[in-house]
Amino acid sequence: MAKIGRNEPCPCGSGKKFKKCCGEKSEKVVHLSEWMLHDQIMDVKEAIEEFADREANNIAGAFYHSMLSNTYSLSELKGEDHWTAFIEWALFDYGWEDDLNLFQGFLQENRGWLRDSLIEELEKWSGSIFTLYEVEGVLPGKGMELYEIFTGEKKVLYLPGIEDLEEGEIVACRLLSAGDRYIILFGLFAIPPVAEEISIKEIEKARIRQSWESKYFKTWWEFFKHSGDLVLRLILDIQDYADDISSALDIEMKETIARIFLRTPRKELGNKSPLDLCYEDEGKEKMENFLDDIARGKFDEPPVRYSRYLEEIMSLVDIDLSPATIASNTWEKDSYLQEALFLLEKMKGEYFPRDIFITIGIWNRYSNEKKPVIRKKGAWAAAMEYVYSGMIMPDITQKELEEKYGVSVGTISRNSIKVEEYVQKQLTQEDDEEEAEPEIVTSNQMQKERFLFHIENTIADKNLESKEELDDLLNTINQEGLPRLDWDRVSPARRAQELVYDAWEEEDKEKRIKLAWAAIDIHG
């Protein structure tokens with residue numbers, strides 16, 4: 001049948017253009033058909049969720065035949081956000097080659113109420129894969145345009161209400177056909193920026209390894225369909241690694257942003273900074289109103305939404321530093337209390353209430369345990385400020401404190417060394433007592449991670465085609481070391497990753513934060 005142009009006369013004889021007559025009706029019918037199909041699929045989603053609950057034992061059995069069982073226990077995986085992605089693997093991929101997977105069982109069980117046209121659409125789900133996509137665009141009120149990283153396919157995900165993802169981010173998910181668009185069954189998972197490049201490289205390496213060791217996959221679809229459990233395990237492992245880095249950097253960066261914000265004069269406060277309010281006699285009510293304004297988003301300005309940092313802001317300022325509160329602590333001698341009050345007087349206005357609270361707390365513990373002799377007022381207060389300021393204001397000098405407290409540099413130096421040794425010993429004891437706490441990534445571990453990262457990228461850059469070429473390259477690295485980076489050819493994501501490693505290895509806190517910000521700026 002010849003195709004009728006939209007601007008041609010309608011064949012029904014109405015005299016109107018086709019697009020204004022039967023063509024318009026045809027488009028509406030097609031559009032309505034798509035929406036009817038989509039609504040039916042939403043009903044199927046609910047039925048699959050109920051089916052998965054009934055098949056819990058079979059899903060657990062699939063776990064013990066998966067690659068994830070080599071790393072995780074079933075209870076551990078159930079505690080992860082990615083448990084739903086595993087359920088999808090058990091439904092669509094496990095036993096797929098033999099047409100024995102659970103999803104085929106679902107279709108057989110529900111054919112009685114499923115229309116033929118709907119079954120035809122659902123049959124496509126059997127070929128779905130769990131893979132990585134880049135967000136190419138966000139469609140307000142509709143969803144996202146996604147680009148499949150390994151195959152280059154472009155797809156539209158129907159997901160109304162999605163707001164927390166931006167163009168360029170990487171997500172892991174399984175897309176299911178729903179007419180002219182795609183949906184997700186349980187959820188999608190954003191890959192942290194620090195782990196995006198390594199996630200892609202690890203998956204590429206996994207396909208090469210599997211081709212050498214077991215089976216050659218002609219296409220990426222074959223690899224993902226046969227190795228979905230391996231891909232999910234890789235993403236989980238990388239997520240754990242990224243969480244360690246991101247959480248450590250995130251804490252420091254959030255506090256830094258809060259500190260800068262609170263030190264900045266504002267018109268709403270009469271050109272005073274929020275820090276100034278902390279120490280004014282009538283500033284308490286103003287500060288409470290100011291914190292309420294932050295919570296309501298009054299100061300949310302691109303690119304920073306300060307309402308998201310309310311917890312960090314309140315932790316810095318919402319502390320009672322009245323002399324009565326300080327005196328309510330247990331003090332071995334009144335002279336120790338007087339030194340604490342002198343320390344409060346000298347630090348007010350320059351430091352946040354939490355900083356002073358922590359410093360006085362250290363002095364309280366130190367003086368009660370070590371019982372130091374106070375020969376001159378301010379001798380220990382100056383040492384306490386010097387020790388604590390080294391954690392947050394490394395540029396302050398003992399000479400500046402000599403003038404501030406009226407004690408000699410020599411006295412400050414001797415006393416601060418004793419306090420630093422005490423603090424370090426206390427931290428070591430606390431680390432020994434908290435064996436149940438999660439392991440913190442050490443500098444040595446990060447150096448190993450960085451070395452492996454360089455090896456992985458070197459291998460990927462060489463585009464190796466055989467195991468012999470890989471062996472030759474590894475022998476060369478072993479004898480001559482890794483080749484120097486060509487920064488002109490390094491991707492922005494990799495440069496950002498290198499800066500993250502630099503931040504981990506940097507001992508100076510201020511420089512570490514600057515490196516972390518630089519990494520974020522490069523990554524966008």
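Values in this document were obtained by computation on a predicted structure and should not be read as measured data. (Residues numbered from 1 in each chain as written. Predicted model: local features only at pLDDT ≥ 70, side-chain atom pairs only at ≥ 80, totals over all residues. Heavy atoms only, no water.)

1. A closer look at the overall build of the protein chain
Note the following rule: By the criteria applied, helices consist of DSSP H or I runs no shorter than four residues and strands consist of E runs no shorter than two, each listed in order from the N terminus. Each residue is assigned to one of three classes by its accessible area relative to the maximum for its type, calculated with a 1.4 Å probe on protein chains only: buried under 20%, partly exposed between the two thresholds, exposed over 50%. Any two residues whose heavy atoms approach within 4.5 Å at even a single point are treated as in contact. Accessible areas in this description were obtained via Shrake-Rupley with a 1.4 Å probe; residue shielding takes into account the shown protein chains only.
Each helix and strand counted, the protein chain has 22 helices and seven strands in total. Taken over 524 residues, the protein chain has a buried fraction of 43%. The long-range fraction of contacts in the protein chain, counting pairs at least 24 apart against all pairs at least 6 apart in sequence, stands at 61%. By element, 49% of the accessible surface of the protein chain is carried by carbon and sulfur atoms, the whole surface being about 29500 Å².

2. Some details on the pattern of salt bridges
The criterion, for reference: The salt bridge criterion pairs a side-chain nitrogen of Lys or Arg with a carboxyl oxygen of Asp or Glu, the two atoms within 4 Å.
Enumeration according to the criterion identifies 19 salt bridges in this entry. In this structure, Glu255 engages Arg354 in a salt bridge whose closest nitrogen and oxygen atoms are separated by 2.8 Å. On the criterion of sequence distance, the pair formed by Glu255 in helix 9 (residues 228–263) and Arg354 in helix 15 (residues 353–370) is long-range, its members being 99 residues apart. Comparing Glu255 with Arg354 shows no difference in burial state: the two are buried. Note that Lys272 is salt-bridged to Glu280, the shortest N-O span being 2.5 Å.

3. Quick word on the pairing of strand 3 (residues 154–158)
What counts is decided by this rule: Criterion used throughout: strands pair if DSSP finds at least two bridges between them.
What you see with strand 3 is a clean split: Lys155 and Leu157 sit on the buried side and Lys154, Val156 and Tyr158 on the side with no burial. Relative to strand 3, strand 2 (residues 143–148) is paired through five bridges, and the arrangement is antiparallel. Pairing of Leu146 across the sheet is with Lys155, part of strand 3. Taking the residues that link successive antiparallel strands as the turn, the strand 2-strand 3 hairpin has five residues, and the phi of Gly152 there is positive, at about 85 degrees.

4. Thoughts on unusual backbone geometry
The backbone phi angle of Asn271 is positive, close to 65 degrees, even though this residue is not glycine. The topology assignment puts Asn271 in the loop between helix 9 and helix 10 (274–277). The class for Asn271 is exposed, based on a relative accessible area of 58%. Located in the positive-phi region is Lys371, a residue other than glycine, with phi close to 50 degrees.

5. Topic: the packing of helix 16 (residues 379–392) against helix 17 (residues 398–405)
Inclusion rule: Under this scheme, a helix contributes an axis fitted over its contacting stretch, all axes are lines through C-alpha atoms, and angles between N-to-C directions fall in the 0 to 180 degree range. We call a crossing left-handed when the near helix sits turned anticlockwise from the far one by less than a right angle, and right-handed when that turn is clockwise. Here the term charged refers only to Asp, Glu, Lys and Arg, the term nonpolar to Ala, Val, Leu, Ile, Met, Phe, Trp, Tyr, Cys and Pro, and the term polar to all other amino acids, Gly among them.
Where helix 16 meets helix 17, the closest approach of the two axes is 10 Å, and the angle between their N-to-C directions is 145 degrees. Every pair of crossing elements has a handedness; the one defined by helix 16 and helix 17 is right-handed. Contacts between helix 16 and helix 17 involve Ala381, Ala382, Glu385 and Tyr386 from the former and Gln398, Leu401, Lys404 and Tyr405 from the latter. For the contact of helix 16 with helix 17, the per-class residue count stands at five nonpolar, one polar and two charged.

6. Let's talk about the nonpolar core
For soluble globular proteins, the rule of thumb is that nonpolar side chains tend to be buried together. The criterion, for reference: Residues belong to one nonpolar core when they are buried, are Ala, Val, Leu, Ile, Met, Phe, Trp, Tyr or Cys, and are joined through side-chain atoms within 4.5 Å.
Phe86, Trp125, Leu132 and Ile203 are the most contacted members of the largest nonpolar core, which has 59 residues in total. Apart from residues no more than four positions distant in its own chain, Ile203 is found in contact with Leu132, Phe150, Trp220, Phe223, Phe224, Val231 and Leu234. Ranked by size, the runner-up nonpolar core spans 51 residues in total, among them Tyr306, Tyr309, Ala381 and Val387.

7. Quick word on helix 12 (residues 310–317)
Side chains three or four residues apart in an α-helix point the same way, a direct result of the helix having 3.6 residues per turn. Defined as follows: The directions from the helix axis to the C-beta atoms are what the arc is built from.
Within the sequence span of helix 12, burial applies to Leu310, Glu312, Ile313, Leu316 and Val317. Viewed along the axis of helix 12, the buried residues span an arc of 165 degrees, placing them on a single side of the element.

8. Here's the deal with the packing of aromatic side chains
Formally: To pair, rings of Phe, Tyr and Trp, with the six-membered ring standing in for Trp, must have centres within 6.5 Å; the planes then decide the type, stacked if under 30 degrees apart, edge-to-face if over 60, and tilted in the middle.
Tallying each qualifying case throughout the model produces 25 aromatic pairs. Here Phe217 and Phe223 contribute two aromatic rings whose centre-to-centre distance is 5.8 Å and whose plane-to-plane angle is 70 degrees, an arrangement assigned as edge-to-face. Each member of the pair, Phe217 as well as Phe223, is classed as buried. Judged by centre distance (5.9 Å) and plane angle (15 degrees), the ring pair of Phe261 and Phe290 falls under stacked.

9. Remarks on helix 14 (residues 334–347)
As a reminder, the rule being used: What a helix is expected to span follows from its residue count: subtract one and scale by 1.5 Å.
In this model helix 14 runs 20 Å from its N-terminal to its C-terminal C-alpha over 14 residues, within 8% of the 20 Å that 1.5 Å per residue would give. Among the residues of helix 14, Tyr336, Leu337, Glu339, Ala340, Phe342, Leu343, Leu344 and Met347 are the ones counted as buried. Residues of helix 14 that are buried make contact with helix 13 (323–327), helix 15, helix 16 and helix 17. Looking at the residues trailing helix 14, positive phi occurs at Gly349, about 90 degrees.

10. Notes on the confidence of the model for the protein chain
Put simply, the rule reads: What pLDDT reports is the predictor's confidence in each residue, on a scale of 0 through 100.
Averaged over every residue, the pLDDT of the protein chain is 79; residues scoring 70 or more account for 72%. Averaged over each element, pLDDT in the protein chain is lowest for helix 19 (residues 443–462) (60) and highest for helix 14 (94). Counted against residues more than four places away or in other chains, residues 434–444, with its pLDDT under 50, gives five contacts.

11. Considering a negative patch on the surface
The line we're drawing: To count toward a patch, a residue needs a relative accessible area above 30% and no salt bridge. Like charges then connect within 9 Å, nonpolar side chains (Val, Leu, Ile, Met, Phe, Trp, Tyr) within 5 Å. Only four residue types enter the charge count, namely Lys and Arg as positive and Asp and Glu as negative; His and the chain termini do not. Every charge is mapped to an atom, namely NZ of Lys, CZ of Arg, CG of Asp or CD of Glu.
Together, Asp39, Asp43, Glu46, Glu49, Glu50 and Asp53 make up a region of like negative charge exposed at the surface. For Asp43, the location among the structural elements is in helix 1 (residues 22–54). Classification of Asp43 by relative accessible area gives partly exposed; the value is 45%.

12. As for the pairing of strand 1 (residues 130–139)
Judged from the five bridges that link them, strand 1 and strand 4 (residues 170–174) form a sheet pairing that is antiparallel. Residue pairing for strand 4: Glu134 is matched across the bridge by Ile170. From the end of strand 1 to the start of strand 2, which pair antiparallel, there are three residues, and Gly141 there has a positive phi angle of about 80 degrees.

13. Here's the deal with the environment of Ile200
With respect to the helices, strands and loops of the structure, Ile200 is situated in helix 7 (residues 196–213). For the pair Ile200 and Thr131, spaced 69 residues apart in the sequence, the C-alpha separation amounts to 10.0 Å. Residues contacting Ile200, with those up to four places away along its chain left out, are Leu132, Ile149 and Phe150.

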